[in-house]
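# Residue-level structural notes
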Amino acid sequence: MITSDVLIIGGGAIGLTTAYELIRRGHSVAVIDRQAVGCESSWAGAGMIPPGEIHLENSSYRKIAQLSSGLWAELAESLRAYSNIDIEYRTCGALVLPEDQKIATTQSEVELWQQQKIPVKRLNREDLNSFHPKFNSPAVEAYFLPTQAQVRNPRYVNALKVTCEQLGVQFYQHEQIREIKIQHGQVADILTDTETFNASQIVIATGAWTSQFADWFEVSIPVEPIRGQIVLVKLSEVFPSIIERGKCYLVPRADGRVLIGATEELVGFDRDCEAETVKRLLAFGAELIPEIGDLQVEKSWCGFRPVTPDHLPVIGFVPGYENLLVNSGHYRAGLSLSPASGLVMAQLICGETTELNLEDFDPERFHLEISSNEML
Ligand code: GLY
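Below, the structure is looked at part by part.

## A look at the sheet that holds strand S7 (residues 141-145)
The mixed open sheet is built from eight strands, whose spatial order is S6-S7-S5-S14-S15-S16-S13-S17. Of all the strands in the sheet, just strand S6 (121-124) and strand S17 (299-307) have a single pairing partner and so form its edges. Direction aside, the axes of adjacent strands within the sheet are offset by 20° on average. Here four bridges tie S6 to S7, and the two strands are oriented antiparallel to one another. The residue of S7 that forms the bridge with Arg-122 is Tyr-143.

## Focus: unusual backbone geometry
Residue Gly-261 is joined to Ala-262 through a cis peptide bond whose omega torsion reads -20°. Within the secondary structure, Ala-262 is located in the loop between strand S16 (257-261) and helix H8 (275-288).

## Looking at the sheet that holds strand S4 (residues 90-91)
A sheet is described by the order of its strands in space; here three strands give the open sequence S3-S8-S4, paired in antiparallel fashion. Across the chains shown, the open sheet's two edge strands, defined by having one partner strand only, are strand S3 (48-49) and S4. Alignment of S3 against strand S8 (residues 149-150), held across two bridges, turns out to be antiparallel. Within S8, the position partnered with Met-48 by the bridge is Gln-150.

## Some remarks on the site of the ligand
Around the ligand lies a shell formed by Met-48, Tyr-249, Ala-262, Arg-305 and Arg-332. With respect to the ligand, the side chain of Tyr-249 contributes an N or O atom lying 2.6 Å from an oxygen atom. Contact distances for the ligand include 2.7 Å between a nitrogen atom and a backbone N or O atom of Arg-332. With the chains in place, 85% of the 200 Å² that the ligand exposes on its own is no longer accessible.

The rules behind these values
- Residues numbered from 1 in each chain as written.
- Predicted model: local features only at pLDDT ≥ 70, side-chain atom pairs only at ≥ 80, totals over all residues.
- Heavy atoms only, no water.
- Pairing = 2+ DSSP bridges.
- Helix = DSSP H or I, 4+ residues; strand = E, 2+ residues; numbered from the N terminus.
- Axes fitted to C-alpha atoms, helices over the stretch in contact; angles between N-to-C directions.
- Near = heavy atom within 4 Å.
- Polar contact = N/O pair within 3.5 Å; in protein donor to acceptor, adjacent residues only side chain to side chain.
- Areas by Shrake-Rupley, 256 points an atom, 1.4 Å probe, with all protein chains shown as cover.

Quick look at the structure:
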């Protein structure tokens, strides 16, 4: 029997930051994963860390985005100290182009950033002409977010895992859950093929697979997968900042590699990516950086973003249970929100005052919805 204060199901960025925050608070922590940790969406994303959020009109979400953005520098330092891994956290800035050349869109987005006191600079045609010699766009207006940052995802999850191990977190990888014993509103034992796990508190941090894992506990946590595809190329000389247009982006790594992403596809967990999509992503990249049109694809892959019906994460106690929590549903922002999501989850478990009010992220909201629908 493996016992711990907290058992985390799922070793992606959210599960790992939760483990990191809990072990630093003196809790014993075990993490189980049905495969190797950190090899799904946390690995697959582009590693963009926006300075906040303007697209979702929810003040709690905007707060968690800003909180998380502010935690990265210290986290990167701490991970380097423990793991000796440089996660390539750097404030590279982001050039944000209007999706359809609309000046009005640029203006209203700039105002939204300004209202949140996040540094933003409006750019005109002349500024765009001098952005970088490799860059090309017919846009007449855009804006620049100087405090947008990035990390290299695979290094981040690896550094988190090594750090957690150094601090004493126990990892159990390739563990398939076979049975869950529930007694009087409490999760008792969790049985896998090889082990029995018992913990005072259990956290579901299974990303896009959360609905499936929630089935084990006979609860509904509506989280759906949205597939995103990314293409990787290598430039001879890299441009300095992230470039975004609508939901697509170019993320330049320090070594000249550029990630071109991403699609949004409701295809379940289908991993068969089409060559046509790779072509479309390359065409988007080549439109903005013409040299990309002459490059070979180094690699392409997909990941599954976990999305909830209201696009907000689910962070909190699972209704009907005294010792079951969930930390999931971060949609396009799992990696960027992982420092703050791990922090508030640990604070909740430890009975501390949480840095943010978590009411809007409460899993209960979906249960209230189900109950009222049932009454209609
Ligand atoms: N975070 C970027 C994406 O979901 O594509």
